[in-house]
Amino acid sequence: MIFEPVLPYVTGEARVKLAIARWEVAGAAALRRQVFCREQKIFAGDDRDGTDARALPLVALAPIFGVPDQVVGTVRIHEDAPGHWAGSRLAVEPAWRRLGALGSGLIRLAVGTAAARGCRRFTAHVQAQNAPLFHRLHWATLDVSDLHGRPHHFMEADLDHYAPVSDAEAGFAVLIGRRM
């Protein structure tokens, strides 16, 4: 009898939450610059815009010995009009993308936080390569267009699939894992 080797599976958890501490806000900004300016080259130097002044930054924090230590994911949310919320600048640190669940955890937190604040509609412009993830998370594509030289889907969340997150400051744990 021949046995196939079993690959080890590493698991853990990260915390997704509203960025409150200065280091969390600074880490979110640094990660956005890394992903959107240096990696994807969508913006030169910095990706900040007028939305940042009214947006709530959300972060995924990686723990070291159980203590949140590093921002490894971020997204921002804001209210465009009464009841209409939007998300943008979803970014996950490249080394953490393979672990899964961080992007979907940030999306759940974004929509749930807005839902707890009276959201009746939640939309986002999503880069085309990320649209399948959003579709799995009960989002619908409303339109496809080119933004910043890249194809984007204008998408809307099905709010029936998202529980309100009333304590975004504490957030919630997201299980992560990967095959070694």
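Quick summary incoming for the structure in this document.

### Concerning helix H1 (residues 22-39)
Three- or four-residue spacings in an α-helix give side chains the same orientation, since the helix completes a turn every 3.6 residues.
Then, number 1: Given a rise of 1.5 Å per residue, 18 residues ought to cover 26 Å, and the 24 Å separating the end C-alpha atoms of H1 matches this to within 8%.
Then, number 2: Here H1 has its buried residues at Glu-24, Gly-27, Ala-28, Leu-31, Arg-32, Val-35, Phe-36 and Cys-37.
Then, number 3: Lys-41 lies just past H1 and shows a positive phi near 55 degrees.

### Digging into the pairing of strand E4 (residues 84-92)
Then, number 1: Taking burial as the measure, the nine residues of E4 include eight buried ones, the bulk of the element.
Then, number 2: Taken together, the four bridges between E4 and strand E5 (residues 121-127) define a ladder with parallel strand orientation. Note that in E5 the partner of Trp-85 across the bridge is Phe-122.

### Observations concerning the pattern of salt bridges
Then, number 1: Within this structure, the stated rule accounts for 10 salt bridges.
Then, number 2: Put simply, Arg-32 and Asp-47 hold a salt bridge, and the shortest N to O gap is 2.7 Å. Highlighted residues: Arg-32 in helix H1 and Asp-47 in the loop between H1 and strand E2 (56-64), separated in sequence by 15 residues.
Then, number 3: Residue Asp-47 is classed as buried on the basis of its relative accessible area of 2%.
Then, number 4: Here Glu-39 ties to Arg-97 by a salt bridge, and the two come within 2.8 Å at their closest N and O atoms. Placement of Glu-39 in helix H1 and of Arg-97 in helix H2 (residues 94-97) is noted, with a sequence separation of 58 residues between them.
Then, number 5: Its relative accessible area of 39% is what places Glu-39 among the partly exposed residues.

Thresholds, definitions, all that
- Residues numbered from 1 in each chain as written.
- Predicted model: local features only at pLDDT ≥ 70, side-chain atom pairs only at ≥ 80, totals over all residues.
- Heavy atoms only, no water.
- Helix = DSSP H or I, 4+ residues; strand = E, 2+ residues; numbered from the N terminus.
- Expected span 1.5 Å × (residues − 1).
- Buried < 20%, exposed > 50% of the residue type's maximum accessible area, 1.4 Å probe, protein only.
- Pairing = 2+ DSSP bridges.
- Salt bridge = Lys/Arg side-chain N within 4 Å of Asp/Glu carboxyl O.

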